[in-house]
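In case you want the letters, here they are:
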Amino acid sequence: MNSKDLLKLVDQYGAPLYVYDADKIASQFNRLTNAFKEVPSLKLNYAAKALSNISILRFMNSLGSGLDTVSIQEVKLGLLAGFKPESIIFTPNGVSLEEIEAAASLGVQVNIDNLSILEQFGSKHPDIPVCIRINPHVMAGGNSKISVGHIDSKFGISIHQIPHLLRIVDLTKMNINGIHMHTGSDILDIDVFLYASEILFETAKNFKDLEFIDFGSGFKVPYKEGDIQTNIEELGKKLSARFNEFCKNYGRDLTLAFEPGKFLVSEAGSFLAKVNVVKQTTSTVFASVDSGFNHLIRPMLYGSSHEIINISNPTGRERYYSVVGYICETDTFGSNRRINEISEGDILCFKNAGAYCFTMASNYNSRYRPAEVLWYKGKGHLIRERETFDDILRNQVDVKSLFEAPKKEAVN
Ligand SMILES: *Cc1c(COP(=O)(O)O)cnc(C)c1O
């Protein structure tokens, strides 16, 4: 799809608008599948939290993907979208035993990441197979906000607790059928990832009935030309060879699983916003769009840099702009960006808007969340309507009568 298609969609559905290109999602899915074609069995479980629209989930299902979920609500969405329970893995953190039991009772593969719940679950349901999330204590990527495998991370069961873990498994007679790690977003160094994998293999040897080993995700995608990205093909070659060797020693073919979110949907997404005001101050030219961190919070939340292009004036002279939102907070999308000359009314396109963008949107400032469109086979399909004032009021309880002036008592 091109800029003209995007502009037409804005004409049709208004701004701000999220658009997702199904072809890009499919090509990323196929790229990852191809990179691991040497392993006997590969399972990609799309991480629903990246972009959880039910139509996106249906599309993932049609590609042959499984689903990685982190809440019982995501499990229910996945089931509604047509995933079989056995194609769903539930990988939450810090949730109650009841929520894990609820997922298990729906037939979903549960993944437990702490010893307390593992012990309770194993004691009550020794017959339900469980995957365990291991923390290999490896620092992946440079950003501690998105690195979740290091020593102070709240995620996973520490490798130093393996002896106790084995005691729990032994005493409860529970069945561990999978072993998992997710070191966080942004794998830059394949060797670091392979090093963490070795720790996982070492841990896996302790369990006789494994069916799969899940290496989580964290594949980095480029945000602009020349950006470093995870070399999927090289990772595929190296990890597949090592995995196959492990299976040989283990005595059985296992499934190699991943849970990519960003890798599958980030680049497929475009966020389109209209410029309300171009404002020259003494130091900067601001372009203010009809959006803010209520719609796209990643630049403000963890400093991610989304490329911004002016699709209304693609050949205009390039100038420096700070692109900001309309929220009453500092909500800078990008500072000192070279962008083709911007006029009020132009449509700016924010790239890499597929992952963790709409799913993190809110109603802050009592604004509506945007509409979403799936671009499929050369056509746009509305997959979420723009909110309306009714959505803002939904679930609010107006206790008006509490504040009404008391009626004057009748005087005889
Ligand atoms: C968020 C998450 C993922 C997806 O991570 P990406 O960086 O988007 O690929 C995978 N697994 C688990 C357990 C997660 O919490």
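Keep in mind that what you see is a predicted model, and the values were worked out from it rather than measured.

## A few points about the environment of Ser52
As for its placement among the helices and strands, Ser52 is situated in the loop between strand 2 (42-47) and helix 3 (54-63). Counting along the chain gives 303 residues from Ser52 to Ala355, while the straight-line C-alpha distance between them is 9.4 Å. Apart from the residues within four sequence positions on either side, Ser52 is in contact with Leu57, Leu77 and Thr359.

## A look at the packing of helix 5 (residues 97-105) against helix 6 (residues 115-124)
At a minimum axis distance of 10 Å, the contact between helix 5 and helix 6 shows a crossing angle of 50°. With respect to helix 6, the element helix 5 is oriented oblique. For the crossing formed where helix 5 meets helix 6, the hand is right-handed. Residues Leu97, Ile100, Glu101 and Ala104 of helix 5 pack against Ile117, Gln120, Phe121 and Lys124 of helix 6.

## A short note on a nonpolar patch on the surface
Together, Val397, Val399, Leu402 and Phe403 make up a nonpolar patch on the protein surface, roughly 470 Å² of accessible area in all. Val399 gets classed as partly exposed once you look at its relative accessible area, which sits at 35%.

## Concerning the UniProt feature "active site" (unreviewed entry) in the protein
Residues annotated in UniProt with the feature "active site" (unreviewed entry) correspond here to Cys328. Here Cys328 lies in the loop between strand 14 (318-324) and strand 15 (332-340). Not counting residues up to four positions away in its chain, the partners in contact with Cys328 are Tyr364 and Asn365.

## Observations concerning the side chain of Ser71
By the secondary structure assignment, Ser71 is in the loop between strand 3 (66-69) and helix 4 (72-80). Residues contacting Ser71, with those up to four places away along its chain left out, are Phe90 and Glu99.

## Side note on helix 9 (residues 232-250)
With 19 residues, helix 9 should cover 27 Å at 1.5 Å per step; its first-to-last C-alpha distance of 25 Å lies within 8% of that length. Every buried residue of helix 9 is accounted for by Ile232, Leu235, Gly236, Leu239, Ser240, Phe243, Phe246, Cys247 and Tyr250. Looking straight down helix 9, one finds that the buried residues subtend no more than 130° of arc, so they occupy a single side. Facing away from the buried surface of helix 9 by more than 90 degrees, the exposed residues are Lys237, Lys248 and Asn249. On its buried face, helix 9 sits against helix 2 (22-35), helix 8 (190-204), strand 9 (212-214), strand 10 (255-258) and helix 10 (262-265). Of the residues trailing helix 9, Gly251 is marked for its positive phi of about 100°.

## Overview of the pairing of strand 3
Covered by surrounding structure in strand 3 are Gly66 and Asp68 together with Leu67 and Thr69, the residues of both alternating faces. Here strand 3 pairs with strand 4 (residues 88-90) via three bridges, running parallel. What sits directly across from Leu67, in strand 4, is Ile88. In this fold, the crossover linking strand 3 to strand 4 by way of helix 4 has right-handed handedness.

## Comments concerning the pairing of strand 5 (residues 109-112)
Residues Gln109 and Asn111 of strand 5 are buried on one face, and the alternating residues Val110 and Ile112, pointing to the opposite face, are buried as well. In this structure, strand 4 lies alongside strand 5, joined through two bridges in parallel fashion. Directly across from Ile89, in strand 5, lies its bridge partner Gln109. Between the parallel elements strand 4 and strand 5, the chain passes through helix 5 in a crossover that is right-handed. Bridging between strand 5 and strand 6 (residues 130-135) involves three bridges; their strand directions are parallel. Looking across to strand 6, one finds that Val110 is bridged to Val130.

## Quick notes on the domain arrangement of the protein
As far as domains go, the protein holds domain 1 (22-264) and domain 2 (269-387). One C-alpha centre belongs to domain 1, the other to domain 2; they are set 32 Å apart. Listed as interface residues are 17 residues of domain 1 and, on the opposing side, 18 residues of domain 2. Summed over both sides, the interface between domain 1 and domain 2 buries roughly 1600 Å², with carbon and sulfur atoms accounting for 55% of that surface. In this structure, the connection of domain 1 to domain 2 is made through zero salt bridges. At three residues, the largest contribution of residues to the side of domain 1 that touches domain 2 is made by helix 3. The residue makeup of the side of domain 1 that touches domain 2, split by class, is nine nonpolar, four polar and four charged.

## Some words on the packing of helix 2 against helix 3
Relative placement of two packed helices is described by the angle separating their axes and the distance separating the axes. Running from amino to carboxyl end, helix 2 crosses helix 3 at an angle of 40°, the nearest separation of the two axes being 11 Å. It follows from the interaxial angle that helix 2 and helix 3 lie oblique. When you trace helix 2 past helix 3, the crossing you get is right-handed. Contacts between helix 2 and helix 3 involve Ala22, Ile25, Ala26 and Phe29 from the former and Ile56, Phe59, Met60 and Leu63 from the latter. Here the residues of the contact of helix 2 with helix 3 are counted per class, giving eight nonpolar, no polar and no charged.

## Digging into the nonpolar core
Burial of nonpolar side chains together is a common tendency in soluble globular proteins. Judged by nonpolar contacts, the single largest core of 104 residues is most densely connected at Tyr46, Leu165, Ile213, Phe215 and Phe350. Tallying contributions element by element places helix 8 first for this core, with eight residues. Of the domains in this structure, domain 1 (22-264) and domain 2 (269-387) are the two that each give at least three residues to this core. Setting aside its immediate chain neighbours within four residues, Tyr46 contacts Leu51, Ile56, Leu57, Met60, Ser65, Gly66, Leu67, Asp68, Pro260, Gly261, Leu264 and Val265. Counting residues in each nonpolar core, the second largest holds 12 residues, with Leu272, Ile311, Cys349 and Ala371 among its members.

Scoring rules and cut-offs
- Residues numbered from 1 in each chain as written.
- Predicted model: local features only at pLDDT ≥ 70, side-chain atom pairs only at ≥ 80, totals over all residues.
- Heavy atoms only, no water.
- Helix = DSSP H or I, 4+ residues; strand = E, 2+ residues; numbered from the N terminus.
- Contact = heavy atoms within 4.5 Å.
- Axes fitted to C-alpha atoms, helices over the stretch in contact; angles between N-to-C directions.
- Parallel < 35°, antiparallel > 145°, perpendicular 65-115°, else oblique.
- Left-handed = near helix turned anticlockwise from the far one by under 90°.
- Patch = residues over 30% accessible without salt bridge, like charges linked within 9 Å, V, L, I, M, F, W, Y side chains within 5 Å.
- Areas by Shrake-Rupley, 256 points an atom, 1.4 Å probe, with all protein chains shown as cover.
- Salt bridge = Lys/Arg side-chain N within 4 Å of Asp/Glu carboxyl O.
- Buried < 20%, exposed > 50% of the residue type's maximum accessible area, 1.4 Å probe, protein only.
- UniProt positions renumbered as here; feature names shortened; annotations may be inferred.
- Expected span 1.5 Å × (residues − 1).
- Arc of directions from axis to C-beta.
- Pairing = 2+ DSSP bridges.
- Right-handed = clockwise from strand over helix to strand, strands pointing away.
- Domains from an automatic or database assignment.
- Buried area = accessible area lost by both parts, 1.4 Å probe.
- Nonpolar A, V, L, I, M, F, W, Y, C, P; charged D, E, K, R; others polar.
- Core = buried A, V, L, I, M, F, W, Y, C linked by side-chain atoms within 4.5 Å.

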